[in-house]
Amino acid sequence: MTLVVGLGCQRDCGVQALLALVDSALAEAGIDRQRISALASIERKQAEPGLLALAQILNVPLLCFSAAHLSAYEDRLSHKSAVAFAHTQCHGVAESAALALVEHLAGAPARLLVTRRKSVQATFALAGVDANPDNHRTRS
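Residues numbered from 1 in each chain as written. Predicted model: local features only at pLDDT ≥ 70, side-chain atom pairs only at ≥ 80, totals over all residues. Heavy atoms only, no water.

Turning our eyes to something else, we now look at the nonpolar core. Val-5, Leu-7, Leu-39, Leu-54, Phe-124 and Leu-126 are the most contacted members of the largest nonpolar core, which has 25 residues in total. Of all the secondary structure elements, the ones that give two or more residues to this core are strand S1 (2–9), helix H1 (15–29), helix H2 (49–58) and strand S5 (122–129). It is H1 that contributes the most residues to this core, seven residues altogether. In this structure, Phe-124 is in contact with Val-5, Gly-6, Leu-7, Leu-21, Val-22, Ala-25, Leu-26, Ala-94, Val-114, Thr-115, Arg-116 and Arg-117, ignoring residues within four places of it in sequence. By size, the runner-up hydrophobic cluster in this structure holds 21 residues, among which are Val-4, Ala-38, Phe-65 and Tyr-73. (Core = buried A, V, L, I, M, F, W, Y, C linked by side-chain atoms within 4.5 Å. Buried < 20%, exposed > 50% of the residue type's maximum accessible area, 1.4 Å probe, protein only. Helix = DSSP H or I, 4+ residues; strand = E, 2+ residues; numbered from the N terminus. Contact = heavy atoms within 4.5 Å.)

Below, the structure written as structure tokens:
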């Protein structure tokens, strides 16, 4: 299964705050952090030091998308944030970025496995797609 963590954060959010949010959300979902394929966010965060450091700690790439690209996922979000929209022009960075990157990597429709989790400085979401959907079909 391809698993991607989507993240939104305040400017200069520290890596420890991001790591704590990621670890707590993954633990709650019963998912080991080594299963994460990549991190995703919005383009304006592509040089954010905390996100870059987190990607290095987790040994995964950080890929970022434009607000216009992320807005295409608006109807699939669990929560639409007016605050996020005011700052980024999309209603939910973490969820939409996670969905966008999973679909980019897997070439198949993604779903949210963990909806938006929020800390004081950041938001987290986890999206995934089964690498082999035939594994879940009942055989006759």
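Further notes follow.
Overall, the coordinates contain four salt bridges when judged by the stated rule. Between Asp-23 and Arg-33 there is a salt bridge, with the nearest N and O atoms lying 2.6 Å from each other. Residue Asp-23 is located in helix H1, and its partner Arg-33 is located in the loop between H1 and strand S2 (38–42); the two are separated by 10 residues in the primary sequence. A relative accessible area of 28% means that Arg-33 is categorised as partly exposed. For Lys-45, the salt bridge identified is with Glu-48, shortest N-O distance 3.9 Å. Neither Lys-45 nor Glu-48 differs from the other in exposure class; each is buried. (Salt bridge = Lys/Arg side-chain N within 4 Å of Asp/Glu carboxyl O.)

Taking 1.5 Å of rise per residue, the 15 residues of H1 would be expected to cover 21 Å, and the 21 Å separating its terminal C-alpha atoms lies within 8% of that figure. Those residues of H1 that fall on the buried side of the exposure criterion are Val-15, Leu-18, Leu-19, Leu-21, Val-22, Ala-25 and Leu-26. Taken down its axis, H1 places every buried residue within 160° of arc, on the same side. Exposed residues lying more than 90 degrees from the buried face of H1 are Gln-16, Ala-27 and Glu-28. (Expected span 1.5 Å × (residues − 1). Arc of directions from axis to C-beta.)

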